[in-house]
Amino acid sequence: MNSEKTSPPAPDGAWSPRIVAFFCNWCTYTAADLAGVSRLKYAPNARVIRLMCSGRVDPQFVLDAFARGADGVLIGGCHPGDCHYAEGNFKMLRRFQLLKRLLRDMGIEEPRLRLEWISAAEGEKVKAVINDMTARLKSLGPLGLPRQFAEWDSEVVKLTETIQEQETKEAEVTHAS
Ligand code: FES
């Protein structure tokens, strides 16, 4: 399951929420794959962007996702104590709390940003979380930021490219120092 493979959320033209899902490679991304392999049916609304750790989710990525047309952003990381980089998920938790406050100040409703700990074995949880988030966003309706994008697929590709560029730059700086 990734941004290239997932079909558009609203093939019939009716409005359906668009979710950008930032999933940690080691746990939630693998769980999403497991859900796919196990043929667990869940709403096709999420476009997944894989990162090496939930701690790599820069707050700017979340704001960019909303600015590019997402109605909701889901972050999936390893359970506390299971992060491959020791404390990446705790770092994400602190950022999440700050982001919640920031989004509230911007008038963006709380259910539009969600953080979940989902291990590699929890394909069922991926299904439950995506279905639940989709239902909540449906009841909230479109985010309705002034910028509306018809080309959702290309917006997610652009967002993914921006994130990959930043990751590459950071890796180069780390390598050089
Ligand atoms: S490696 Fe999964 S959250 Fe850090």
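Values in this document were obtained by computation on a predicted structure and should not be read as measured data. Counting from 1, residues in each chain are numbered in the order their sequence is written. For a predicted model such as this one, the threshold for reporting local features is a pLDDT of at least 70, and the threshold for listing and counting side-chain atom pairs is 80 or more; totals across whole chains, interfaces and linings nevertheless cover every residue.

Time to look at the environment of Cys78. Within the secondary structure layout, Cys78 lies in the loop between strand E3 (72-77) and helix H3 (88-105). Every C-beta atom is placed from the backbone, and the number of other C-beta atoms within 10 Å of a residue's own sets its class: buried at 20 or more, exposed at 12 or fewer, partly exposed in between. By the C-beta count within 10 Å, which is 24 here, Cys78 ends up buried. Distance in space between the C-alpha atoms of Cys78 and Phe23 is 9.3 Å, their sequence separation being 55 residues. Note that contacts rest on C-beta atoms placed from the backbone: two residues are in contact if these are within 7 Å. When near neighbours in sequence (up to four residues on either side) are disregarded, Cys78 contacts Cys24, Trp26, Cys27, Cys83, Asn89, Trp117 and Ser119. We count a stretch as a helix when DSSP gives it H or I for four or more residues in a row; a strand needs E for two or more, and each element gets its number in order from the N terminus.

Moving on, we get to the pairing of strand E4 (residues 113-117). Judged by how many residues are buried, E4 sits mostly within the fold: five of five residues are covered. Side chains of E4 alternate between two faces, with Leu113, Leu115 and Trp117 and Arg114 and Glu116 buried alike. Here E3 runs beside E4; their pairing, made up of five bridges, is parallel. Each bridged residue has a counterpart across the sheet, and for Leu74 the counterpart in E4 is Arg114. Assessed by its sense of winding, the connection that carries the chain from E3 through H3 to E4 is right-handed. The pairing criterion for strands is at least two bridges between them, as found by DSSP. Look down the strands so they point away from you; if the path from the first strand over the helix to the second goes clockwise, the crossover is right-handed.

Across the sheet, which stays open at both edges, the four strands sit in the order E2-E1-E3-E4 with parallel pairing between neighbours. Bordering the open sheet on either side are strand E2 (46-51) and E4, each of which pairs with just one other strand. Going across the sheet, the axis of each strand differs from the next one's by a mean of 20 degrees, ignoring polarity. Only the stretch in contact is used when a helix axis is fitted, and all axes are lines through C-alpha atoms; the angle between N-to-C directions ranges over 0 to 180 degrees. Sheet strands touched by helix H1 (residues 28-37): strand E1 (19-24), E2 and E3. Its angle to E1, the strand with the most contacts, is close to 115 degrees.

Counting buried positions along E1 yields six of six residues, so the element is predominantly enclosed. Residues Ile19, Ala21 and Phe23 line one face of E1 and the alternating positions Val20, Phe22 and Cys24 line the opposite face, and both faces are buried. Both E1 and E3 contribute to a ladder of five bridges, which runs parallel. Residue pairing across strands places Phe23 opposite Gly76, the latter belonging to E3.

Before going further, it helps to spend a moment on H1. For H1, every residue scored as buried is listed here: Thr28, Tyr29, Thr30, Ala31, Ala32 and Ala35. Contacts from the buried residues of H1 go to E1, E2, E3 and helix H4 (123-140). Of the residues one or two after H1, Arg39 is the one with positive phi, at around 55 degrees.

The subject of this paragraph is the confidence of the model for the protein chain. The quantity called pLDDT is the predictor's confidence in a given residue, expressed from 0 to 100. Considering every residue of the protein chain, the mean pLDDT works out to 87; 88% of them sit at 70 or more. Contacts for the low-pLDDT stretch residues 1-9, under 50 throughout, to residues beyond four places or in other chains number 23 contacts.

Turning our eyes to something else, we now look at unusual backbone geometry. One non-glycine residue, Arg39, adopts positive backbone phi at about 55 degrees. Within the secondary structure, Arg39 sits in the loop between H1 and E2. Classification of Arg39 by C-beta neighbours within 10 Å gives exposed; the count is 7. We note that Ala86 has phi near 70 degrees; this positive angle belongs to a residue other than glycine. Relative to the helices and strands, Ala86 is located in the loop between E3 and H3. Residue Ala86 is classed as exposed on the basis of its 11 C-beta neighbours within 10 Å.

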